[in-house]
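This is what each chain is made of:
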Amino acid sequence: MSQLRELYQQVILDHNRSPRNYRPMTDATRKVEGYNPLCGDHFTVYVRLDGKVITDVSFQGAGCAISKASASVMSSTVKGKTTDEAESLFRTFHALVTKGPEDADIETLGKLAAFAGVNEFPARVKCAILPWHALRAALEEKGSSVTTE
Ligand code: ZN
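What you are looking at is a predicted structure, and each value in this text was computed from that prediction instead of being measured.

1. Focus on the overall build of the chain
And step 1. Per the secondary structure count, the chain includes five helices and four strands.
And step 2. From first element to last, N terminus to C terminus, the chain shows the α and β order α-β-β-β-α-α-α-α-β.
And step 3. Relative to the globule expectation of 15 Å for 149 residues, the C-alpha radius of gyration of the chain, 14 Å, shows essentially globular dimensions.
And step 4. Counting only C-alpha atoms and orienting by the principal axes, one finds that the chain spans roughly 45 × 30 × 25 Å.
And step 5. Within the chain, the proportion of its 149 residues that are buried is 45%.
And step 6. For the chain, restricting intrachain contacts to residue pairs at least 6 apart in sequence, the fraction spanning at least 24 positions comes to 59%.
And step 7. The positive charge centre, built from 18 side chains, and the negative charge centre, built from 18, are 4 Å apart in the chain.

2. Structural notes on the coordination of the zinc ion
And step 1. Coordination of the zinc ion by the protein comes from Cys39 (SG), Asp41 (OD), Asp41 (OD), Cys64 (SG) and Cys127 (SG), over a distance range of 2.2 to 2.6 Å.
And step 2. Linear spacing of the donor residues for the zinc ion on their chain is C-x1-D-x22-C-x62-C.

Criteria and thresholds
- Per-chain numbering applies: the sequence of each chain, read as written, is numbered from 1 onward.
- Whole-chain, interface and lining totals are the exception, using all residues; otherwise, since this is a predicted model, local features are given only for residues with pLDDT of at least 70 and side-chain atom pairs are given and counted only at 80 or more.
- In computing side-chain values, all of the structure's heavy atoms are included and hydrogens and water are not.
- Think of it this way: any DSSP run of H or I at least four residues long counts as a helix, any run of E at least two long counts as a strand, and we number them from the N terminus.
- Within these notes, the globule rule equals 2.2 Å times the number of residues to the 0.38 power, and the radius of gyration is based on C-alpha atoms.
- Per-residue accessibility, obtained with a 1.4 Å probe over protein chains only, is compared with the maximum for each type, and a residue is labelled buried under 20%, exposed over 50%, and partly exposed between these values.
- The contact criterion used throughout is that any non-hydrogen atoms of two residues lie within 4.5 Å.
- Positive residues here are Lys and Arg, negative ones are Asp and Glu, while His and the chain termini are left out of the count.
- The atoms used to mark charge sites are NZ of Lys, CZ of Arg, CG of Asp and CD of Glu.
- Metal donors were taken as nitrogen, oxygen and sulfur atoms no farther than 2.8 Å from the ion, or 3.2 Å where the ion is Na, K or Ca. Water is excluded, so coordination may look unfinished.

Shown next as structure tokens:
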């Protein structure tokens, strides 16, 4: 388990240091701002849709290592997926960070599994889930901003 933990930590450090898809998107179909007042994480998530397929995702903003790494891993994971697949990943990821790895479907999570340890730190759960809330709001067209509170 400690080897797995180390691997998870590497993924988070790597995505925090060099976040993927960290750029504005001028031709985004949808754009949502996400804010986590407890930690100060503040990101804008951009989505480009072609029908029900997410053809591009990017984000900009600032936050702690967990939130930034989560936005980076989220963006690279849902790119190319359908909105339904993204919703199902949201649910799996949500279960992972709130209830822990036992209940989650680790197989389907890929790099998202790196956040398995987050459930042991309740204050960090909202950091990890923030980019996902913003993505979901963008996909469901639920306004232009979301907050974890
Ligand atoms: Zn945070």
